[in-house]
Amino acid sequence: MRMSRLVLPGMLLVAGCEQDPIVITGPCTQEEIDLGYCDVPDAGTASTGGDGGDAGAGGQGGAGGDTHSSLCSGQCAPPAPLGWFGPALLWFGPSEAVPDCPADAPTLGYEGFADLQQPPLECATCACDPPEASCTLPTSWAASSSSCPGDEPGTVTTSFAAPAGWDGACTAANAIPADHLCNGEPCVQSLTIAAPSVVTTGACTPRLDVPPPVPRLDPWATRARACLAGAYTACDDATTCVPSAPSGFTTCVFHEGDDADCPEGYAVRHLFFADVIDGRDCTPCGCGDPTGASCTLMASVYRDAACTDLLASSLVSSSVPFCVVTPPGVALGSKSAVIAAVEPGACAPHGGEPVGELRPSAPSTFCCIA
């Protein structure tokens, strides 16, 4: 477009005097061109208006329909209101596809995240160490005038008890002589030994059986970054000149917090977060009461009082009643016992369950040009 016109002498008179030619800048009309009133540069020479702007850009629409101005080589956008930052070029998408800031807006003004995932927290597996347990030797030994189980009518039971607090050493307490009769029958035809008692001296101790795996470091599905120009200029209409938004970017203003309404000209709202609060945890490990404890002892009975003439010897378990048939009328002179095994039992573990969730924090509101 031809941008200046020449007013020749004689065309403009001031107080009846002919003046020097006056050059008026601005677009020429076709009539002025035909009359030769326009001072048009040779072809190929750039024509510069009085404002120093690009004559080829003034008043033209930019790529994507953004408003341009003779003062702006990018795009003209509403200025950021008080308390807002920008305008900026915003990109958001998958974390693995984050681009660099464009050359026209090289300053990183914001980085944040969106679309917080809730991956399940992997807790450790709880287990329980067994309790401390011990056995108490049975003192209730008894002879019966009948064979095991000894519940026939007229059966007589004769005590062959060990002394209180017995430690299992040889003892001749309550010895029964040979051929001792009960109601005309031999008093000793079988021997019953009470089951040993289990004493649990402590509860099970909880422990972590399998440690938890390393947690996922990035729970966000979307990452965002806003890029700022080094400086801003004004467009012809007092809007702000910002770089044109490359593919994948959009022009936005942003504000810290999530309670702001979008300003005029920026209708599309996005919310991003700068941090995450991990409110997840695992319930503590614990143990139930012990169950299944048992003892096994080796019990021996002798004909003599010194534990040398062995009559019988057998394992006696706390979970199985014990009775041994003896020769009728045999002497029960002494006895001894030793703990063979202690099974402390076990406790059922509980706990190690995930609770709570991740929560986003430090929000920022982005409002973008539609």
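Residues numbered from 1 in each chain as written. Predicted model: local features only at pLDDT ≥ 70, side-chain atom pairs only at ≥ 80, totals over all residues. Heavy atoms only, no water.

J.: Which residues make up the pairing of strand 18 (residues 220-228), and what values go with them?
T.: For strand 18, a buried count of seven out of nine residues is recorded, marking the element as mostly surrounded by other parts of the structure. In terms of strand pairing, strand 7 (residues 85-93) meets strand 18 through five bridges, oriented antiparallel. Bridge pairing in strand 18 links leucine 90 to alanine 226. Relative to strand 18, strand 8 (residues 107-116) runs antiparallel, the two sharing eight bridges. Note that in strand 18 the partner of leucine 108 across the bridge is cysteine 227. (Buried < 20%, exposed > 50% of the residue type's maximum accessible area, 1.4 Å probe, protein only. Helix = DSSP H or I, 4+ residues; strand = E, 2+ residues; numbered from the N terminus. Pairing = 2+ DSSP bridges.)

J.: Outline the sheet that holds strand 25 (residues 294-302), supporting the account with residue identities and numerical values.
T.: Read from one edge to the other, the open sheet built from three strands follows the order 26-25-28, with strand pairing classed as antiparallel. Two strands bound the open sheet, and with one partner strand each, they are strand 26 (310-317) and strand 28 (334-343). Neighbour-to-neighbour, the strand axes of the sheet open up by a mean angle of 15°, direction not taken into account. One ladder, built from nine bridges, connects strand 25 with strand 28; its direction is antiparallel. (Axes fitted to C-alpha atoms, helices over the stretch in contact; angles between N-to-C directions.)

J.: Run through the state of the cysteines, naming residues and quoting values.
T.: Inspection of the entire model under this criterion finds 13 disulfides. Disulfide partner of cysteine 262: cysteine 367, at an S-S distance of 2.0 Å. Here the disulfide of cysteine 262 and cysteine 367 is left-handed, its torsion about the S-S bond being about -80°. Of the two residues, cysteine 262 sits in the loop between strand 21 (250-256) and strand 22 (268-278) while cysteine 367 sits in strand 31 (residues 358-368), which places them 105 residues apart along the sequence. Of the residues examined, cysteine 262 reaches a relative accessible area of 26% and is grouped as partly exposed. (Disulfide = S-S within 2.5 Å.)

J.: Quick one: what's the story with the sheet that holds strand 11 (residues 141-144), residue by residue and with numbers?
T.: Read from one edge to the other, the open sheet built from four strands follows the order 12-11-15-27, with strand pairing classed as antiparallel. Of all the strands in the sheet, just strand 12 (157-159) and strand 27 (322-325) have a single pairing partner and so form its edges. If you compare each strand with its neighbour and ignore which way they point, the axes differ by 25° on average. Direction of pairing for strand 11 relative to strand 12: antiparallel, over a ladder of three bridges. Its bridge partner lying in strand 12, alanine 143 is registered against threonine 158.

J.: I'd like to hear about the pattern of salt bridges, residue by residue, with values.
T.: Side chains bearing opposite charge may pair, as long as their charged atoms lie close to each other. According to the stated counting rule, one finds six salt bridges in the structure shown. For glutamate 111, the salt bridge is made with arginine 225, and the minimal N-O distance between the two is 2.8 Å. Of the two residues, glutamate 111 is situated in strand 8 and arginine 225 in strand 18; the sequence distance between them amounts to 114 residues. A salt bridge links aspartate 278 to arginine 280, with the shortest nitrogen-to-oxygen separation between them at 2.9 Å. Owing to a relative accessible area of 16%, arginine 280 belongs among the buried residues under this scheme. By sharing partners, the salt bridges in this structure join Glu111, Arg223 and Arg225 into a single network. (Salt bridge = Lys/Arg side-chain N within 4 Å of Asp/Glu carboxyl O.)

J.: Summarise the packing of aromatic side chains; cite the residues concerned and give the values.
T.: Scanning the model with the defined rule gives ten aromatic pairs in all. Clustering of aromatic rings is evident, with ring pairs tying together Phe85, Phe92, Tyr110, Phe254, Phe272 and Phe366. A cation over an aromatic ring shows up here: lysine 335 above the ring of phenylalanine 160, its NZ or CZ 3.6 Å from the ring centre. (Phe/Tyr/Trp six-rings, centres within 6.5 Å; stacked < 30°, edge-to-face > 60°. Lys NZ or Arg CZ within 6 Å of the ring centre and 35° of its normal.)

J.: Give a description of the side chain of threonine 171 that names residues and reports values.
T.: Relative to the assigned elements, threonine 171 resides in the loop between strand 12 and strand 13 (181-182). Only 3.2 Å separates the side chain of threonine 171 from the backbone nitrogen of alanine 173, close enough to count as a polar contact. Not counting the four nearest positions on each side in its chain, threonine 171 is found in contact with Pro163, Trp166, Cys307, Gly333, Ser334 and Lys335. (Polar contact = N/O pair within 3.5 Å; in protein donor to acceptor, adjacent residues only side chain to side chain. Contact = heavy atoms within 4.5 Å.)

J.: For unusual backbone geometry, give the residues involved together with the corresponding values.
T.: Here the amide bond leading from glycine 86 into proline 87 is cis, since omega sits at 5°, within 30 degrees of zero. Positionally, proline 87 belongs in strand 7.

J.: Before we move on, could you go through the nonpolar core and cite the residues and values that matter?
T.: Of all hydrophobic cores here, the largest spans 19 residues; its most connected members are Trp141, Phe160, Leu191, Ile193, Val301 and Leu332. Elements represented by at least two residues in this core include exactly strand 11, strand 15 (190-193), strand 25 and strand 26. Top contributing element to this core by residue count: strand 25, with three residues. (Core = buried A, V, L, I, M, F, W, Y, C linked by side-chain atoms within 4.5 Å.)

J.: How would you sum up the environment of tyrosine 232? Please name residues and give values.
T.: Of note, tyrosine 232 is situated in the loop between strand 18 and strand 19 (233-234). With a relative accessible area of 32%, tyrosine 232 lands in the partly exposed category. When the C-alpha atoms of tyrosine 232 and proline 243 are compared, they prove to be 9.1 Å apart, with eleven residues separating the residues in sequence. Those residues in contact with tyrosine 232 that lie beyond four places of it in its chain are Gly86, Pro87, Thr240, Cys241 and Val242. In terms of polar contacts, tyrosine 232 uses its side chain to reach the backbone carbonyl oxygen of proline 87, at 2.5 Å.

J.: Mind laying out the environment of tryptophan 141, listing which residues take part and the relevant values?
T.: With respect to the helices and strands, tryptophan 141 occurs in strand 11. The exposure class of tryptophan 141 is buried, given its relative accessible area of 2%. Note: C-alpha distance between tryptophan 141 and alanine 161 (20 residues apart in sequence) is 4.6 Å. Only 3.2 Å separates the side chain of tryptophan 141 from the backbone oxygen of proline 138, close enough to count as a polar contact.

Nothing here speaks to function; it is geometry throughout.
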